[in-house]
Amino acid sequence: MNFNPDLLRKVELHTHLDTGLSYYFVKKLIPDITQKSFFEKYIASEKCHDLGDFLNKITPSLDLLQKRDVIADAVEDLFIQLKSDNVVYAEVRFAPLLHLRLGLSDCDIVEIVLEAMKSSSIKYGIAAGLILCTLRHFSEDQSLRTAYLVNEYVKYGVVALDLAADEARYPLNAHLKAFRMVLESGGNVIAHAGEAKGAESVRETINKLNISRIGHGVRSIEDRDVIDLIIERNIHLEICPTCNIVCDIYDIYENHPVNLLKEIGVNIGINTDARTVANITLCEEYLRINRYFGWQYSDFIETNFNALQASFCSNELKNRLEKEIVRLS
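Quick look at the structure, then. Since this is a predicted model, take the numbers as computed values, not measurements.

## Here we look at the overall build of the protein
Part 1 of the argument: When its secondary structure is counted, the protein shows 15 helices and eight strands.
Part 2 of the argument: Relative to the globule expectation of 20 Å for 329 residues, the C-alpha radius of gyration of the protein, 18 Å, shows essentially globular dimensions.
Part 3 of the argument: Each of the three principal axes of the protein carries a C-alpha extent, and together these read 50 × 45 × 45 Å.
Part 4 of the argument: Counting across all 329 residues of the protein, residues that qualify as buried make up 58%.
Part 5 of the argument: Taking as baseline every contact in the protein between residues at least 6 positions apart, the subset at least 24 positions apart corresponds to 74%.
Part 6 of the argument: For the protein, the accessible area works out to roughly 13700 Å², and carbon and sulfur atoms hold 49% of it.

This is the structure in structure tokens:
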């Protein structure tokens, strides 16, 4: 039987709003843009020099996402893409402090995204939560401000604080108070790690930030003690294979550790991370894993179940969605 990823109802926990603008969305804002110029400006090369090189491709999107209507429309654009991937639950993330250039306040921005997500959730039948990112190069004050926003809007759809951006160039120190602030308020915290740096970065992130999920975490495979720590604490890894290949963490897809991590019992889920910049959809990601590692429907149902259980939605919603993801469309 041919593998058809469209049949699978999916959970995506790691997708960034500001790296997922479609060509059709950008075309509405810049009518004279061509697909060729869009590709050159918004999509990374098949092999970047490193994560920093990859992150530079976000700048054109951030230039656009500074106005109320544009931000709201970008949310709907992402939900249209999620619907095409047959996603039933998503956690969308972005850094509010990157959208302040034209006078919107950080509270304005969070409220715009939450309202647009609520509307799109109803329109497209996709349950969703919002994750707010602080960034590695942010100051302690900026991280604390982002943590404040998480606590302020936790009752309105914000589900966690995340730490993103370039782990290789910036340490954790500036972010410890922000993470403590959210944890002490009973909130959820996650972080990117084990992407631009190795297994020791994963260990440090787990121990210093007390996270329950890790964005990527793939380089934990380099140290069995770190793998054992992840398994012992049942920390969920949000795996994004194509992004890792594009960022040159692994040379070719066949050498990505996604299959090995699953086989040794690590709790993992499959995600796109940066849909536009990495030029990937979730269905395409599933096809690649099927092609290179032979995963079948049962494997993806397992990882989607893992992601659902690791998500920050209510137990009631988890129970309802579990029944959906364990059967094919």
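The discussion continues.
## Some points on the nonpolar core
Part 1 of the argument: Phe54, Leu130 and Ile211 are the most contacted members of the largest nonpolar core, which has 94 residues in total.
Part 2 of the argument: Among the elements that line this core, the one with the most residues is helix H6 (residues 106–124), at nine residues.
Part 3 of the argument: Not counting chain neighbours up to four residues away, the residues in contact with Phe54 comprise Ala44, Cys48, Cys243, Val246, Cys247, Ala274, Val277 and Ala278.
Part 4 of the argument: Within the second largest apolar cluster, twelve residues are counted, among which are Val88, Tyr89, Ala127 and Cys313.

## A short note on the environment of Leu237
Part 1 of the argument: Relative to the elements of secondary structure, Leu237 occurs in strand E7 (residues 236–239).
Part 2 of the argument: Taking the relative accessible area as the measure of exposure, Leu237 reaches 0% and is therefore buried.
Part 3 of the argument: Sequence separation of Leu237 and Asn267 is 30 residues, and the distance between their C-alpha atoms is 6.3 Å.
Part 4 of the argument: Leu237 has contacts with Ile214, His216, Gly217, Ser220, Ile230, Leu261, Val266, Asn267, Ile268 and Gly269, leaving out every residue within four places of it along the chain.

## Quick word on the environment of Asn56
Part 1 of the argument: Residue placement: Asn56 occurs in the loop between helix H3 (51–55) and helix H4 (59–64).
Part 2 of the argument: Separated by 14 residues in the primary sequence, Asn56 and Tyr42 have C-alpha atoms spaced 9.5 Å apart.

## Here's the deal with the sheet that holds strand E5 (residues 190–193)
Part 1 of the argument: Across the sheet, which stays open at both edges, the four strands sit in the order E5-E6-E7-E8 with parallel pairing between neighbours. Each of the sheet's edge strands pairs with one partner strand only, and the pair in question is E5 and strand E8 (268–270). Strand-to-strand, the axes of this sheet are offset by a mean angle of 25°, without reference to chain direction.
Part 2 of the argument: Pairing of E7 with E8 involves three bridges; the strand directions are parallel. For Glu238, the partnering residue across the bridge sits in E8 and is Gly269.
Part 3 of the argument: Sheet contacts for helix H9 (residues 199–209): E5 and strand E6 (213–216); angle to E5, the most-contacted strand, approximately 160°.

## A few points about the state of the cysteines
Part 1 of the argument: The final tally for this structure, using the stated rule, is zero disulfides.
Part 2 of the argument: For Cys107, which is in no disulfide, the shortest distance to another cysteine sulfur is to Cys133 and amounts to 17 Å.
Part 3 of the argument: Distance from the sulfur of Cys133, which forms no disulfide, to the nearest cysteine sulfur (Cys240) is 12 Å.
Part 4 of the argument: Judged by its relative accessible area of 1%, Cys133 falls in the buried class.

## Some thoughts on the packing of aromatic side chains
Part 1 of the argument: By the definition in use, this model includes ten aromatic pairs.
Part 2 of the argument: Measuring from ring centre to ring centre gives 5.0 Å for Phe3 and Tyr297, while their planes differ by 35°; the resulting arrangement is tilted. Placement of the pair is Phe3 in the segment before strand E1 (10–16) and Tyr297 in helix H14 (residues 297–310), with a sequence separation of 294 residues. Across this residue pair, the class does not change: Phe3 and Tyr297 are buried.
Part 3 of the argument: A centroid spacing of 4.3 Å and a plane angle of 15° characterise the contact between Tyr286 and Phe300, whose relative ring orientation is stacked. Within this pair, whereas Tyr286 is found in helix H13 (residues 282–293), its partner Phe300 is found in helix H14, the two being separated by 14 residues in sequence.

## Things to note about the pairing of strand E3 (residues 127–135)
Part 1 of the argument: The element E3 is largely enclosed, with a buried count of eight among its nine residues.
Part 2 of the argument: Between the parallel elements strand E2 (residues 87–94) and E3, the chain passes through H6 in a crossover that is right-handed.
Part 3 of the argument: As paired strands, E3 and strand E4 (residues 158–164) are joined by six bridges and run parallel to one another. Across the sheet, Cys133 pairs through a bridge with Asp162, a residue of E4.
Part 4 of the argument: Since E3 and E4 lie parallel, the crossover through helix H7 (residues 140–152) that links them has a hand, and here it is right-handed.

Calculation notes
Residues numbered from 1 in each chain as written. Predicted model: local features only at pLDDT ≥ 70, side-chain atom pairs only at ≥ 80, totals over all residues. Heavy atoms only, no water. Helix = DSSP H or I, 4+ residues; strand = E, 2+ residues; numbered from the N terminus. Rg over C-alpha atoms; globule rule 2.2 N^0.38 Å. Buried < 20%, exposed > 50% of the residue type's maximum accessible area, 1.4 Å probe, protein only. Contact = heavy atoms within 4.5 Å. Areas by Shrake-Rupley, 256 points an atom, 1.4 Å probe, with all protein chains shown as cover. Core = buried A, V, L, I, M, F, W, Y, C linked by side-chain atoms within 4.5 Å. Pairing = 2+ DSSP bridges. Axes fitted to C-alpha atoms, helices over the stretch in contact; angles between N-to-C directions. Disulfide = S-S within 2.5 Å. Phe/Tyr/Trp six-rings, centres within 6.5 Å; stacked < 30°, edge-to-face > 60°. Right-handed = clockwise from strand over helix to strand, strands pointing away.

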